[in-house]
Amino acid sequence: MTRNEENAAVTAGGNGTTVVVTGASGRTGSRVARAAGEAGFTVRAASRARGFDWGDASTWERTLRGADAAYLMYPTDIGDPAAAEGIGALAREAVKLGVRRLVLLSARGEDQALPAEEALKGSGADWTVVRASWFAQNFSEGPLVEGIAHGELVFPAGEVREPFVDVRDIADVVTAVLADGDRYTGRTLRLTGPRLLTWREAVAEIAAETGRAITYTPVPAPAYGEALTGFGVPAGEAALLVEVFETLLDGRNAHLTEDVREVLGRAPRDFSAFVREAAAAGAWGN
Ligand SMILES: NC(=O)c1ccc[n+]([C@@H]2O[C@H](COP(=O)([O-])OP(=O)(O)OC[C@H]3O[C@@H](n4cnc5c(N)ncnc54)[C@H](OP(=O)(O)O)[C@@H]3O)[C@@H](O)[C@H]2O)c1
């Protein structure tokens, strides 16, 4: 299926409406901005470099005013205790300014994310929550890349299985929701990839594709947290990640959903395809 065919389901809805995309320089936001632009939306990219700061409410109005919809992602982690307050306040401001359709990126199986979801729902917006599994792109963009590039991924995931989802599928789903919002208003979509893999199997796929020796070393979450603080991650952020990993990685997410197929009318992208493309793009220095 070509990219254009993949997007056929979403091209109908752009109609020049303006969508604010938060985290537009990040993993999901950059893809949402691209997919929404291809679907005909006018995209207003939002990040600190563009004058939007989640931590400074005085920057929100100029980002939101005149827009019709927004993709909301909370930096660091949606389970951050500050996320509920920030998302609730921004969503209420958006509704006040007439930005009614709000799509929030949340995390599947993360209990700590529920207050932020509730804050969105209580804002009066036409809301949709997109609960994503672990991103495939965690292996190619972000904190896991360095370990893989050095030949050993140390991570507190034991031998649990996860249906890694490609962030491009998240972007396509978000764009489809923006395009056909009434259909998905008040819905919580749970996005997975098409296959369950352990972290060990995921690393083995990357090793096979790159032809390099890469191992996976599972560690307890608290030891991982200590390593993070050793690398300079603020103690509070590391503690939250330890808490999240200890619950999220207990096997609760080891099952697939059909929501990507329901929204896009096609299967989610497979992890192997992601690995091939990321390796070809030089994600792991090969
Ligand atoms: N990783 C996963 O597997 C996974 C799975 C499910 C859900 N999630 C959720 O995904 C979210 C992260 O999304 P992502 O991976 O797409 O982001 P990301 O790649 O980590 O990028 C973070 C984005 O947020 C922006 N940002 C950082 N601080 C900001 C601030 N104070 N104000 C405004 N913008 C700020 C950054 O841009 P600037 O630095 O330019 O401002 C950047 O665009 C988290 O809420 C996480 O819980 C992650």
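Scroll up to find the structure this text is about.
Only a predicted model underlies this, so the values are computations on that prediction, with no experimental measurement involved.

S.K.: Describe the site of the ligand, listing the residues and the values that go with them.
M.R.: Looking at the ligand, there are 25 residues lining it, with Ser 25, Thr 28, Arg 48, Tyr 74 and Asn 138 nearest. For the ligand, an oxygen atom lies 2.7 Å from a polar atom in the side chain of Arg 48. The contact in question runs from an oxygen atom of the ligand to an N or O atom on the backbone of Phe 135, over 2.9 Å. Protein burial of the ligand: of its 920 Å² of free accessible surface, 82% is covered by the chains. Counting residues per element, the ones that place at least two in the shell around the ligand are helix H3 (27-38) and strand E4 (101-107). Here the shell around the ligand takes 3 residues from E4, the largest share from any one element. The class makeup of the residues in the shell around the ligand is 12 nonpolar, 9 polar and 4 charged.

S.K.: Kindly report on the sheet that holds E4, identifying the contributing residues and their values.
M.R.: Taken in spatial order, the 6 strands make up an open sheet running E2-E1-E3-E4-E5-E8, and their pairing is parallel. Unpaired on one side and paired on the other, strand E2 (42-46) and strand E8 (187-191) mark the two borders of the sheet. Adjacent strand axes in the sheet meet at a mean angle of 20° when their direction is disregarded. Examined bridge by bridge, strand E3 (residues 69-72) and E4 share 4 bridges and lie parallel to one another. Along E4, the bridge assignment pairs Leu 72 with Leu 104.

S.K.: If you had to explain the nonpolar core to someone new, which residues and values would you point to?
M.R.: If you look at the biggest cluster of nonpolar residues, it comprises 36 residues, and the most contacted ones within it are Phe 139, Phe 155, Trp 199 and Trp 284. Looking at this core, the elements that each hand over two or more residues are helix H7 (145-149), strand E6 (152-155), helix H10 (199-210), helix H11 (221-230), helix H12 (235-248) and helix H14 (271-280). Broken down by element, the residue count for this core peaks at 7 residues, all from H12. Residue contacts for Phe 155: discarding those within four places in its chain leaves Trp 134, Leu 144, Trp 199, Tyr 216, Thr 217, Pro 218, Val 219, Tyr 224, Phe 245 and Leu 249.

S.K.: I'd like a rundown of the pairing of E2, residues and numbers included.
M.R.: By the bridge criterion, 5 bridges tie strand E1 (residues 18-22) to E2 in an arrangement that is parallel. From the neighbouring strand, Thr 22 faces E2, where its bridge partner is Ala 46. A crossover connection joins E1 to the parallel E2 through H3; in handedness this β-α-β unit is right-handed.

S.K.: So what's going on with the packing of helix H5 (residues 81-96) against helix H6 (residues 114-121)? Residues and values would help.
M.R.: It is the contact of H5 with H6, at a shortest axis distance of 8 Å, that shows an interaxial angle of 15°. Here H6 runs roughly parallel to H5, going by the angle between their axes. In the packing of H5 onto H6, the handedness of the crossing is right-handed. Each of Ala 83, Ala 84, Ile 87, Gly 88 and Ala 91 in H5 lies in contact with H6, whose residues at this interface are Pro 115, Ala 116, Ala 119 and Leu 120.

The rules behind each value
- Residues numbered from 1 in each chain as written.
- Predicted model: local features only at pLDDT ≥ 70, side-chain atom pairs only at ≥ 80, totals over all residues.
- Heavy atoms only, no water.
- Near = heavy atom within 4 Å.
- Polar contact = N/O pair within 3.5 Å; in protein donor to acceptor, adjacent residues only side chain to side chain.
- Areas by Shrake-Rupley, 256 points an atom, 1.4 Å probe, with all protein chains shown as cover.
- Helix = DSSP H or I, 4+ residues; strand = E, 2+ residues; numbered from the N terminus.
- Nonpolar A, V, L, I, M, F, W, Y, C, P; charged D, E, K, R; others polar.
- Pairing = 2+ DSSP bridges.
- Axes fitted to C-alpha atoms, helices over the stretch in contact; angles between N-to-C directions.
- Core = buried A, V, L, I, M, F, W, Y, C linked by side-chain atoms within 4.5 Å.
- Buried < 20%, exposed > 50% of the residue type's maximum accessible area, 1.4 Å probe, protein only.
- Contact = heavy atoms within 4.5 Å.
- Right-handed = clockwise from strand over helix to strand, strands pointing away.
- Parallel < 35°, antiparallel > 145°, perpendicular 65-115°, else oblique.
- Left-handed = near helix turned anticlockwise from the far one by under 90°.

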